[in-house]
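Descriptive structure summary
For reference, the chains in residue letters:
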Amino acid sequence: MPRFHTVLFDLDGTLIDTNHLIVASFQHVFRTHLSLEVPAEEVYRCFGEPLPTTMARYAPDRADELVDHYRAFNKTQHDLLVRQFAGVREMLQGLVAAGVQIAVVTSKRTDTAWQGMRVCQIDEFFSVVVGMDATEKHKPNPDPALHALVELNAKPGSHALMVGDSYFDILCGQNAGLKTAAVGWTVQTRESLGANQPDFWVESPAALLELVLGE
């Protein structure tokens, strides 16, 4: 019997490596349309946050325009820059084989999420993907996680785990009444994630599989 019956995953930086793509997209938009040079470390702090929220912080009166520019650039570069994380596919295979229910809960649009999952060849493991277009409220609110649980016909509680690479993921899981796990392959600092006190740290996909299965 697995330790966790249900696992909700963030996507970017957790299941697929979109770090370079996201940084390149933000830097292109800020440089081209705001004449700003923004270091990667500053962009990292935006990871997990809904795109319109980030853009509104930099240019409140141009947020929608900047979102459109971001998505246009991101689309042209997406398949070139997205990469697999070693061990993720094998971890997902193990979870599915053990009968664990899994879903993706992401702050990106659902169609773009599926695109990244196809590129990284993990789409076959999922039937439920909750993007920012699926709920009115987004991470760190609990709504996306709770929506995923409804789609899975599962309930919140200590048997369900939220896995992510940013404090938005950890807070979303906590607010939904789930256990939480932070991944060690995040570009976020351990200090920033640790401030939100995730229940677990996992340093590799294999370690996550062991945690979920109770091995």
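So, a few notes on the structure that sits alongside this text. Note that the structure is a prediction, hence the values are computed from the model and not measured.

Within this structure, the stated rule accounts for eight salt bridges. We note a salt bridge from Asp12 to Lys108, for which the minimum N-O separation is 3.1 Å. Residue Asp12 is located in the loop between β1 (6-9) and β2 (16-17), and its partner Lys108 is located in the loop between β4 (101-105) and α6 (110-119); the two are separated by 96 residues in the primary sequence. The same class applies to Asp12 and to Lys108, which are both buried. Each of the salt bridges in this network shares a partner with another, and the network as a whole consists of Asp10, Lys139 and Asp169.

Quick look at the packing of helix α1 (residues 19-34) against helix α4 (residues 63-81) now. Contact geometry of α1 with α4 gives a least axis separation of 9 Å together with a crossing angle of 140°. Between α1 and α4, the crossing angle belongs to the class labelled oblique. In this structure, the crossing between α1 and α4 has a hand that is right-handed. Contacts between α1 and α4 pair His20, Leu21, Ile22, Ala24, Ser25, Phe26, His28, Val29, His33 and Leu34 from the former with Glu65, Leu66, His69, Tyr70, Phe73, Asn74, Gln77, His78 and Leu81 from the latter. Looking at the contact of α1 with α4, its residues break down into 10 nonpolar, eight polar and one charged.

Following Lys139, the chain continues to Pro140 via a peptide bond in cis, the omega torsion being 10°. Relative to the helices and strands, Pro140 is located in the loop between β5 (129-130) and α7 (143-152). The phi torsion at Gln121 lies on the positive side, around 60°, for a residue other than glycine. Residue classification places Gln121 among the partly exposed positions, given a relative accessible area of 47%. The phi dihedral of Gln197 falls on the positive side, at around 55°, and the residue is not glycine.

A separate point is the environment of Ala148. Looking at where Ala148 falls in the secondary structure, it is placed in helix α7. By relative accessible area, Ala148 is classed as buried at 0%. For the pair Ala148 and Val130, spaced 18 residues apart in the sequence, the C-alpha separation amounts to 6.2 Å. Setting aside its immediate chain neighbours within four residues, Ala148 contacts Leu8, Ala103, Val105, Val128 and Val130.

A few words now on the packing of aromatic side chains. In the structure shown here, the tally under the stated rule is eight aromatic pairs. Relative to Phe168, the ring of Tyr167 lies with its centre 4.4 Å away and its plane at 25°, an arrangement referred to as stacked. Taking relative accessible area as the criterion, Tyr167 reaches 31% and is therefore assigned partly exposed. The class of Phe168 is buried, set by a relative accessible area of 6%. Of the aromatic side chains, those joined through ring pairs into one cluster are Phe26, Phe30, Tyr58 and Tyr70.

Look at α1 against helix α3 (residues 51-58): their axes get within 13 Å of each other, and the N-to-C directions meet at 35°. The crossing of α1 and α3 is right-handed. Mapping the contact onto sequence places Phe26, Val29, Phe30 and Leu34 in α1 and Leu51, Thr54, Met55 and Tyr58 in α3. Looking at the contact of α1 with α3 residue by residue, the classes come out as seven nonpolar, one polar and no charged.

So, on to the environment of Thr6. Note on placement: Thr6 falls in strand β1. In this structure, the C-alpha to C-alpha distance between Thr6 and Ser158, residues 152 residues apart in sequence, is 9.8 Å. Aside from chain neighbours lying at most four places away, what touches Thr6 is Val100, Gln101, Leu149, Leu152, Ala154, His159, Ala160 and Leu161.

How each quantity is defined
- Residues numbered from 1 in each chain as written.
- Predicted model: local features only at pLDDT ≥ 70, side-chain atom pairs only at ≥ 80, totals over all residues.
- Heavy atoms only, no water.
- Salt bridge = Lys/Arg side-chain N within 4 Å of Asp/Glu carboxyl O.
- Helix = DSSP H or I, 4+ residues; strand = E, 2+ residues; numbered from the N terminus.
- Buried < 20%, exposed > 50% of the residue type's maximum accessible area, 1.4 Å probe, protein only.
- Axes fitted to C-alpha atoms, helices over the stretch in contact; angles between N-to-C directions.
- Parallel < 35°, antiparallel > 145°, perpendicular 65-115°, else oblique.
- Left-handed = near helix turned anticlockwise from the far one by under 90°.
- Contact = heavy atoms within 4.5 Å.
- Nonpolar A, V, L, I, M, F, W, Y, C, P; charged D, E, K, R; others polar.
- Phe/Tyr/Trp six-rings, centres within 6.5 Å; stacked < 30°, edge-to-face > 60°.

Purely spatial values, then, with no claim about function.
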